[in-house]
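Next come the chains, spelled out residue by residue.
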Amino acid sequence: MKILVCITHVPDTTSKINFINNQTKFDSTGVQFIIGPYDDYALARAVELKESGGATITVLNVGLADTEPTLRKALAIGADDAVRVNAEPTDSFFVAKQIVEHARSLNYDLILMGRESIDYNSGVVHALVGEMLGIPSVSPVMKLEIADGKAKLAREIEGGKELLEVNLPFVAGCQEPIAEWKIPNMRGIMSARTKPLKVVEAVSVDSFVKLDKYELPPPKGAVKLVSADKVSDLVDLLKNEARIL
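Every value quoted in this text rests on a predicted model; they were computed, and no experiment measured them. (Residues numbered from 1 in each chain as written. Predicted model: local features only at pLDDT ≥ 70, side-chain atom pairs only at ≥ 80, totals over all residues. Heavy atoms only, no water.)

**Student:** Outline the pairing of strand S9 (residues 137-147), supporting the account with residue identities and numerical values.
**Tutor:** Relative to strand S12 (residues 170-174), S9 is paired through three bridges, and the arrangement is parallel. Bridged to Val138 within S12 is Ala172. Taking the residues that link successive antiparallel strands as the turn, the S9-strand S10 (residues 150-157) hairpin has two residues, and the phi of Asp148 there is positive, at about 55°. (Pairing = 2+ DSSP bridges. Helix = DSSP H or I, 4+ residues; strand = E, 2+ residues; numbered from the N terminus.)

Given below as structure tokens:
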């Protein structure tokens, strides 16, 4: 079985976010980058499938040279080879087109990725890839089992979960608890240094998105303490200031 895992290169969730150039560019100075947490679940499940039934895993990222340490970490976790599409990931449609251009002729049985990235949170790349390739796309996938050329899935829906059976190939946008995150061991880290990492140029894509500027959310206000015996004051604050009643 051939598995493609698409990963994002995103700021660590503890990073302090700032913008430069008149709020039009993310300031990466001093920011630590990681594999997107949802992509980490997808990669972990791919490695489990490889260990249990035999598979080859290719990881793909759309990004510039600074994303290669992230790809090397994915190789250390258990992927067999990596592909970096040499371009800035400008929007979801652009990223999806790059994935499709790579995957179209390689006959992957399974394409896994996170349900969304944690920087832009668009949550549409898996659906775009499935549509462009003409194969099913399912998200968010919480459980994935493969047997006899079919996948049994559990997908989160409002108020519960949905159980599905899908023929291979298909695209899955993954989330917890599909697998446990894996930490690369020393052997994996050493072997990752010699695993293939191929760099390909991006295909040209007409952009449908124009960025005006970024904005940080408003700073959190000061905490107001209300005595337990002043319920009317609490209700007044919730109604007239917080506006949640």
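**Student:** Can you lay out the side chain of His102 for me, pointing to particular residues and giving the numbers?
**Tutor:** Of note, His102 is situated in helix H3 (residues 92-103). Apart from residues no more than four positions distant in its own chain, His102 is found in contact with Leu4, Thr58, Leu60, Val83 and Tyr108. (Contact = heavy atoms within 4.5 Å.)

**Student:** Tell me about the state of the cysteines, residues and numbers included.
**Tutor:** Under the criterion given, the structure shown has zero disulfides. Free of any disulfide, Cys6 has its nearest neighbouring cysteine sulfur in Cys174, separated by 10 Å. (Disulfide = S-S within 2.5 Å.)

**Student:** Before we move on, can you summarise unusual backbone geometry with the specific residues and values?
**Tutor:** Each neighbour pair has its own omega, and for Leu168 with Pro169 the value is 0°, a cis peptide bond. In this structure, Pro169 sits in the loop between strand S11 (160-167) and S12. Here the residue pair Glu176 and Pro177 is connected by a cis peptide bond, since its omega of 5° sits within 30 degrees of zero. Within the element layout of this structure, Pro177 appears in the loop between S12 and helix H5 (186-192). Backbone geometry places Asn121, a non-glycine residue, at a positive phi of 55°. Summarising the element assignment, Asn121 is placed in the loop between strand S8 (110-114) and helix H4 (125-133). Overall, Asn121 belongs to the partly exposed group, its relative accessible area being 38%. (Buried < 20%, exposed > 50% of the residue type's maximum accessible area, 1.4 Å probe, protein only.)

**Student:** Please give an account of the side chain of Asp91 that cites residues and values.
**Tutor:** For Asp91, the position within the fold is in the loop between strand S7 (81-86) and H3. For the buried residue Asp91, which engages in no salt bridge, the nearest side chain bearing the opposite charge is Lys97, 11 Å off. Within the local environment of Asp91, its side chain forms a polar contact with the backbone nitrogen of Phe94, the two atoms lying 2.9 Å apart. (Lys, Arg positive; Asp, Glu negative; His and termini not counted. Salt bridge = Lys/Arg side-chain N within 4 Å of Asp/Glu carboxyl O. Polar contact = N/O pair within 3.5 Å; in protein donor to acceptor, adjacent residues only side chain to side chain.)

**Student:** Requested: an account of the packing of aromatic side chains, with residues and values cited.
**Tutor:** Throughout the structure, instances matching the rule amount to six aromatic pairs. Ring centres of Phe19 and Tyr214 lie 4.6 Å apart, and the angle between their planes is 5°; this geometry places the pair in the stacked category. Taken together, the residues span a long stretch of sequence, with Phe19 in strand S3 (residues 19-20) and Tyr214 in the loop between strand S13 (197-201) and helix H6 (231-241) at a distance of 195 residues. Under the relative-accessibility criterion, Phe19 is labelled buried at 17%. Judged by centre distance (6.5 Å) and plane angle (45°), the ring pair of Tyr120 and Tyr214 falls under tilted. With Tyr120 in the loop between S8 and H4 and Tyr214 in the loop between S13 and H6, this residue pair connects regions lying 94 residues apart in the sequence. Judged by its relative accessible area of 54%, Tyr120 falls in the exposed class. The buried category is assigned to Tyr214, whose relative accessible area is 17%. Feature note: the residues Phe19, Phe26, Phe33, Tyr120 and Tyr214 constitute an aromatic cluster, connected by ring pairs. (Phe/Tyr/Trp six-rings, centres within 6.5 Å; stacked < 30°, edge-to-face > 60°.)

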